[in-house]
Amino acid sequence: MSVMDCREVLSVTKLCSDWKLYIRARYPLIYLVSSETKRVQMLLTMIAKEMNKGLYFWTYSRGLYDALSGEEVANTKSADNALRALSKLATTTDALIVFNDLHLVLSLHGESFIETLAVLKEAVDQLSTTASSLFILAPTYKIPKELEQLTTVIDVPRPCPDE
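A brief look at the structure comes next.

Our next topic: the packing of aromatic side chains. Centre distance and the angle of the planes are the two values used to describe a pair of aromatic rings. Under the counting rule described, the total for this entry stands at five aromatic pairs. Between Tyr22 and Tyr27 the ring centres are 5.0 Å apart and the planes differ by 75°, which places this aromatic pair in the edge-to-face class. By relative accessible area, which is 26% here, Tyr22 ends up partly exposed. Aromatic ring contacts, followed pair by pair, group Trp58, Tyr60 and Phe99 into a single cluster. It is Arg62 that lies over the ring of Tyr65; its NZ or CZ is 3.7 Å from the centre.

Listed below in structure tokens is the structure:
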């Protein structure tokens, strides 16, 4: 990346500031397009701490877990169960909930896709009445048409050399 390109890239401060605006505005579903999972998780951890919010991550291998304490939420390895659990979490705590690679589940077809889509739509509806936000973090943007109107998409810029 050249110096000229770097000027076009948002600084970490600006990036975090923009994301905090979406969170404060109670955008319930934010889709972050980035292949830099660790970097984005680090930024969201900083934001959660600054905003005094809980932070939960979901992965296929681990399920839903509290990113600040490491404590796992029982029976949440499937995306459907994790989405159901986050609906309960959102009513008791203000949190950022990050689903890594949920686009893989949403790109499947058949009965399991229909159930995941329905549970996700219900979770987004419920989150819209809370101070919690759901993030989908994925390297590519793939979302069913049924969710397009509910989703705010952010293409996460690559870091500057000085970042």
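With that settled, consider the packing of helix 2 (residues 12-24) against helix 3 (residues 37-50). Between helix 2 and helix 3, the shortest axis-to-axis distance is 10 Å and the interhelical angle comes to 60°. Considering the angle they form, helix 2 stands oblique to helix 3. The two elements helix 2 and helix 3 meet at a crossing, and its hand is right-handed. Mapping the contact onto sequence places Val12, Leu15, Cys16, Trp19, Lys20 and Ile23 in helix 2 and Arg39, Val40, Leu43, Leu44, Met46, Ile47 and Glu50 in helix 3. Here the residues of the contact of helix 2 with helix 3 sort into ten nonpolar, no polar and three charged.

Basis of the calculations
Positions within a chain are numbered from 1, following the residues in the order the chain's sequence is written. Local features in this predicted model are restricted to residues of pLDDT 70 or higher, and side-chain atom pairs are both shown and tallied only at a pLDDT of 80 or more, whereas totals for entire chains, interfaces and linings draw on every residue. Only heavy atoms go into the side-chain values, all of them from the structure, while hydrogens and water stay out. Working definition: rings of Phe, Tyr and Trp (its six-membered ring) pair if their centres are within 6.5 Å, and the pair is stacked with planes under 30 degrees apart, edge-to-face with planes over 60 apart, and tilted otherwise. Type-normalised accessible area, obtained with a 1.4 Å probe on protein chains alone, sets the label of each residue: buried when under 20%, exposed when over 50%, and partly exposed for intermediate values. Two conditions define a charge sitting above a ring: the NZ of Lys or the CZ of Arg must be within 6 Å of the ring centre, and it must be within 35 degrees of the ring normal. Angles here are taken between N-to-C directions and fall from 0 to 180 degrees, while the axes themselves are lines fitted to C-alpha atoms, restricted in helices to the stretch in contact. In this text, helices come from DSSP runs of H or I with a minimum length of four residues, and strands from runs of E with a minimum of two, each type numbered from the N-terminal end. Note that the term roughly parallel is reserved for angles under 35 degrees, roughly antiparallel for angles over 145, roughly perpendicular for angles of 65 to 115, and oblique for everything else. Left-handed describes a crossing in which the near helix is turned anticlockwise from the far one by less than a right angle; the clockwise case is right-handed. Here a residue-residue contact requires only that any non-hydrogen atoms of the pair lie within 4.5 Å. Residues are grouped as follows: nonpolar covers Ala, Val, Leu, Ile, Met, Phe, Trp, Tyr, Cys and Pro; charged covers Asp, Glu, Lys and Arg; every other residue, Gly included, is treated as polar.

By themselves, these are just geometric observations and shouldn't be taken as functional.
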